[in-house]
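Chain by chain, the residues run as shown.
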Amino acid sequence: MVLATNLGFPRIGAKRELKFATENFWKGTISEAELVQIGADIRCTHWMMQKEAGIAHIPVNDFAFYDQMLDMTALLGAVPPRYKWSGDAVDMATYFAMARGNATTPAMEMTKWFDTNYHYIVPELTAATQFRISTRKIFDEVAEAKALGVMPRPVLIGPVTYLSLGKSKDGTSPLDLLSKILPVYRQILIKLAEQGVEWVQMDEPILALDISAAQEAAFRTAYATLVGFGIKICLTTYFEKLSANEDLALGLPTEALHIDLRRGAGQLDSVLAKMPADKILSLGLVDGRNIWRNNLRASLGLAHHAVDKLGADRVWIAPSCSLLHCPIDLAHEVRMDPQLRSWMAYAAQKLKEIVAITKATQNGESAIAEALTESDAVVKDRATSPRIHDPAVKSRMAKLSPHLFHRSLPFSERRPLQRTALGLPLFPTTTIGSFPQTKNIREARAALKKGTLDLTGYDAAMKEEIKTVVAFQDEIGLDVPVHGEPERNDMVEYFGEQLKGYTFSQNGWVQSYGTRCVKPPIIFGDVSRPAPMTVAWSSYAQSLTPRPMKGMLTGPITMLFWSFVRDDQPKSETCKQIALALRDEVVDLEAAGIRIIQIDEPAIREGLPLHRDDWDSYLKWAVESFRLSASGVRNETQIHTHMCYSEFNDIMGAIAALDADSISIETSRSQMELLEAFTEFHYPNEIGPGVYDIHSPRIPSVDEMVVLLEKAVTVLDPAQIWVNPDCGLKTRGWDEVKPALVNMVKAAQIMRDRFR
Ligand code: GLN
Ligand code: ZN
């Protein structure tokens, strides 16, 4: 019989209960016992939702108080020595110390989970790392689920993914620890089998990457020794098609294989053709990474196809990946536009879709006649709705001619024109855009939202703030001032709210890391800009100073990747629509007298596809989109961009191809080491390597910034260098920002005197 299964459920709670409870525990306002109880309540609620929906395989151990990789580290007892852990069961204090650090010990590193916006805690490994079962969490949760009448399918991060995502602290290869880690995995499986567990879900998402021969060998070794313990394994892959790893994944001796048929659409036939006899195939049909309703008829087609080939007993229906990456329940979106809402499905709705596909695959379409009719209606509505399809945008897109992607002169010829027009000194100073978001600013925004402050009052408050920010920059002699972005709550939301084609949820929270959740904007239709978005603020700021005020925009790639995107057209298409909307803004800013415009693109690197083969086509449209947004201006107008990192080695060509006149990047934490990429490649345009780490409250001295600039001139032409902080200043206080920027201007002056 075809089974409805799930791979993981968002743990944060529909009202973010887990977030608030955990934060209260950290503050000391609730006890550990209370936190543990809230965790149990959330699990119970979510299991019951799944059970009632009709899910046969319900994931257990997908819950975590902070992160599932950290839970794996705790389960395996791989606690780094600096936490002085007793070696008994990993307690809450040790667990949260690893996640967040404590008074004496820094936290473990955190990084992005594949190409999602979820962040995991990176395992720290050395040759001396010992593994042994060190928490009861997974076993307790299995018992808990069984007591509630739920058939648990425990989820583990598989050994090869766990080690591969770990970071060696002593130069040993993490995979060398395989022989040490496998016996512990075996013990875990044996214990689970003793608890009566039939299936375990072994997540190996690194199978969605290009893996090395060593990783491939590790897979073979690992799974050869993990089968045969009275428990069946579903090898679970997601986020991409298996591509070159297809034979490997199919050949491992696990009883089931899960494949992602959303991100990895198109791989079904080739997987079916190679399915070994008896292996079960779990079809990832319902998108775990987006908020759109499933096209049930299309999914059914794929499911029938698999059943024809394998038989009903060897097919499971599942989400593409864990539902962790989508919000919990659309029922809480009471204020959303009903038509837009009718197109969406959050986790709770996705469970029903999985069950519907399963039922119809098993019993025929008539078993879900009503759901199918509704789904068809949504597909039709989205295909034809004038709210999605804007003829003006479409006709503009159809007419994208090559010259729109190019400034009229190359950089080498623009540069002298800009020099004369802007009259900037050597080592010009600037900032990345935002200034401290003070209590005043936040209160004004809250009051506007509540209705206790009208728009006139709000505008006045923001203008007051801009006045202060501009006066301060003039006073300390910053060459290229900014208005400080007080009016922006968030760099994507601020623009999304003013663009056609974007909408916002009230409760679409998704976990980003630990207790931090984000509510991504939703791009549902063709994007355009009904009216200028930043021109009034920037022109006001420009009116306060003779210096060239820098206009500040969020770029098309970042606007795309930090949102839920439409799934009815390629991302490249959406990105270019956004680029056109931003182009209008860029041109209007210029017309209003703004001579330098920065288009932030912190997301360009995280948008890189997981398979290297796909990089070129992505980078091509990403670069085109940026250029489309930036190229409408005169040669004299200077375009800047900003990225919050500088690990560009492998995409340096694309970074240069953006053809921004200047790029600011993060380099101070690495003491300019990261600039190496720019020397090897010989970056042609101007560049502002951050000299001030804004992530730290420490105020950098003049001397240390001079030292960094001295390093920069060893690899870059002094005439190429801008002096700026690493990133925006919105999270810092004025008491830090003032002295730091005064010092930064002095450091630039010292360099200027030397090279004059
Ligand atoms: N201009 C934005 C700011 O200064 C850039 C933020 C970012 O790079 N993430 O805040
Ligand atoms: Zn930044």
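All of the points below concern the structure found in this document.

1. Considering the overall build of the protein
In step 1: When helices and strands are tallied, the protein shows 27 helices and 21 strands.
In step 2: Expected size for 756 residues packed as a compact globule is a radius of gyration near 27 Å; at 27 Å, the protein falls within 12% of this value.
In step 3: In the protein, of all internal contacts separated by at least 6 residues, the share reaching a separation of at least 24 is 78%.
In step 4: When the accessible area of the protein is evaluated, it comes to approximately 28,300 Å², of which 54% is carbon and sulfur surface.
In step 5: The positive charge centre, built from 82 side chains, and the negative charge centre, built from 93, are 2 Å apart in the protein.

2. Here we look at the state of the cysteines
Note: disulfide means a covalent bond formed between the sulfur atoms of two cysteine side chains.
In step 1: Counted by the stated rule, this structure contains 0 disulfides.
In step 2: Not engaged in a disulfide, the cysteine Cys-326 finds its nearest cysteine sulfur in Cys-321; these two sulfurs lie 7.8 Å apart.

3. With respect to the packing of aromatic side chains
In step 1: According to the stated counting rule, one finds 21 aromatic pairs in the structure shown.
In step 2: Both rings, one in Phe-561 and one in Trp-621, keep their centres 6.4 Å apart while their planes meet at 15°; by these two values the pair is stacked. Remark: Trp-621 occurs in helix α23 (residues 615-630) and Phe-561 occurs in helix α21 (residues 556-561); sequence separation between them is 60 residues.
In step 3: For the cation-ring pair, Arg-16 lies above Trp-509, with the distance from its terminal atom to the ring centre recorded as 3.6 Å.
In step 4: A cation over an aromatic ring shows up here: Lys-519 above the ring of Trp-509, its NZ or CZ 5.4 Å from the ring centre.

4. With respect to the pattern of salt bridges
If charged atoms from side chains of opposite charge come close, those side chains can pair.
In step 1: Evaluated as defined, the whole model comprises 48 salt bridges.
In step 2: In this structure, the salt-bridge partner of Lys-19 is Glu-23, at a minimum N-O distance of 3.2 Å. Of this pair, Lys-19 and Glu-23 both sit in helix α1 (residues 17-27), 4 residues apart, which is roughly one turn of the helix.
In step 3: Among the ionic pairs, Glu-246 bridges to Lys-274, the shortest N-O distance being 2.6 Å.

5. A few points about the pairing of strand β19 (residues 638-642)
In step 1: Counted residue by residue, β19 has 5 buried out of 5 residues, so it is predominantly covered.
In step 2: Burial along β19 is two-sided: Gln-638, His-640 and His-642 and Ile-639 and Thr-641, pointing in opposite directions, are all buried.
In step 3: Looking at chain direction, strand β18 (residues 596-600) and β19 are connected through 5 bridges and run parallel. The partner of Ile-597 across the bridge, within β19, is Ile-639.
In step 4: On the question of chirality, the crossover connecting β18 to the parallel β19 by way of α23 is right-handed.
In step 5: As a crossover connection, the stretch from β19 through helix α24 (residues 652-657) into strand β20 (residues 662-665) is right-handed.

6. Points about the site of ligand 1
In step 1: In the vicinity of ligand 1, the contacting residues are Ile-432, Gly-433, Ser-434, Glu-485, Met-491, Met-552, Asp-600, His-642, Cys-644, Cys-727, Gly-728 and Lys-730.
In step 2: A distance of 2.7 Å separates an oxygen atom of ligand 1 from a polar side-chain atom of Ser-434.
In step 3: His-642 places a polar side-chain atom, nitrogen or oxygen, 3.1 Å from an oxygen atom of ligand 1.
In step 4: Calculation on ligand 1 without its partners gives an accessible area of 300 Å², and the protein chains cover 93% of this total.
In step 5: Its residues assigned to classes, the shell around ligand 1 shows 5 nonpolar, 4 polar and 3 charged.

7. Looking at the sheet that holds β18
In step 1: The strand order across the open sheet formed by 5 strands is β17-β18-β19-β20-β21, and the pairing between neighbours is parallel. If you trace the sheet from one side to the other, it starts and ends with β17 (550-554) and β21 (686-689), each paired once. Recorded for the sheet is a direction-independent mean angle of 20° between the axes of neighbouring strands.
In step 2: In this sheet, β21 lies alongside β20 in parallel orientation, the contact comprising 4 bridges.

8. So, the coordination of the zinc ion (ligand 2)
In step 1: Bound to the zinc ion (ligand 2) on the protein side are His-642 (NE2), Cys-644 (SG) and Cys-727 (SG), at distances that span 2.1 to 2.2 Å.
In step 2: The site at the zinc ion (ligand 2) holds 4 donor atoms, and with the angles between them running 83 to 124°, its shape is irregular.
In step 3: One chain supplies every donor for the zinc ion (ligand 2), spaced along it as H-x1-C-x82-C. Of this pair, His-642 sits in strand β19 while Cys-727 sits in the loop between α26 (702-715) and α27 (734-755), placing them 85 residues apart in sequence.

9. Examining the sheet that holds strand β1 (residues 3-4)
In step 1: The strand order β1-β12-β11-β10-β9-β8-β6-β2 describes an open sheet built from 8 strands, whose pairing is parallel. Taken across any chain shown, the strands that pair with only one partner, and hence form the sheet edges, are β1 and β2 (58-60).
In step 2: Pairing of strand β10 (residues 256-260) with strand β11 (residues 280-286) involves 5 bridges; the strand directions are parallel. Each residue of the ladder has a partner; that of Asp-260, found in β11, is Gly-284.
In step 3: Along the sheet, helix α11 (residues 296-310) contacts β11 and β12 (315-319); its crossing angle with β11, the most-contacted strand, is approximately 175°.

10. Section: the pairing of β20
In step 1: Burial along β20 is two-sided: the residues Ser-662 and Ser-664 and Ile-663 and Ile-665 are all buried.
In step 2: The sheet contact formed by β19 and β20 spans 3 bridges and is parallel. By the bridge assignment, His-640 is partnered in β20 with Ser-662.
In step 3: In terms of handedness, the path from β20 via helix α25 (residues 676-681) over to β21 forms a crossover that is right-handed.

11. Here's the deal with the nonpolar core
In step 1: With 102 residues, the main nonpolar core has Trp-113, Phe-131, Tyr-162, Leu-281 and Leu-283 as its most contacted residues.
In step 2: Ignoring sequence-local partners within four residues, the contact set of Leu-281 consists of Leu-257, Ile-259, Leu-268, Val-271, Leu-272, Met-275, Leu-310, Arg-314, Val-315 and Trp-316.
In step 3: Leu-619, Val-623, Ala-654 and Val-691 belong to the second largest nonpolar core, which has 97 residues in total.

12. Considering the side chain of Thr-574
In step 1: Relative to the helices and strands, Thr-574 resides in helix α22 (residues 571-591).
In step 2: For Thr-574, the contacting residues outside a window of four places in its chain are Ile-523, Leu-560, Arg-566 and Gln-569.

Definitions and limits used
- Residues numbered from 1 in each chain as written.
- Chains lettered and ligands numbered in written order.
- Predicted model: local features only at pLDDT ≥ 70, side-chain atom pairs only at ≥ 80, totals over all residues.
- Heavy atoms only, no water.
- Helix = DSSP H or I, 4+ residues; strand = E, 2+ residues; numbered from the N terminus.
- Rg over C-alpha atoms; globule rule 2.2 N^0.38 Å.
- Contact = heavy atoms within 4.5 Å.
- Areas by Shrake-Rupley, 256 points an atom, 1.4 Å probe, with all protein chains shown as cover.
- Lys, Arg positive; Asp, Glu negative; His and termini not counted.
- Charge placed at Lys NZ, Arg CZ, Asp CG, Glu CD.
- Disulfide = S-S within 2.5 Å.
- Phe/Tyr/Trp six-rings, centres within 6.5 Å; stacked < 30°, edge-to-face > 60°.
- Lys NZ or Arg CZ within 6 Å of the ring centre and 35° of its normal.
- Salt bridge = Lys/Arg side-chain N within 4 Å of Asp/Glu carboxyl O.
- Buried < 20%, exposed > 50% of the residue type's maximum accessible area, 1.4 Å probe, protein only.
- Pairing = 2+ DSSP bridges.
- Right-handed = clockwise from strand over helix to strand, strands pointing away.
- Near = heavy atom within 4 Å.
- Polar contact = N/O pair within 3.5 Å; in protein donor to acceptor, adjacent residues only side chain to side chain.
- Nonpolar A, V, L, I, M, F, W, Y, C, P; charged D, E, K, R; others polar.
- Axes fitted to C-alpha atoms, helices over the stretch in contact; angles between N-to-C directions.
- Donors = N, O, S within 2.8 Å, 3.2 Å for Na, K, Ca; no water.
- Tetrahedral: all angles 85-135°; square planar, octahedral: opposite > 155°, others 65-115°.
- Core = buried A, V, L, I, M, F, W, Y, C linked by side-chain atoms within 4.5 Å.

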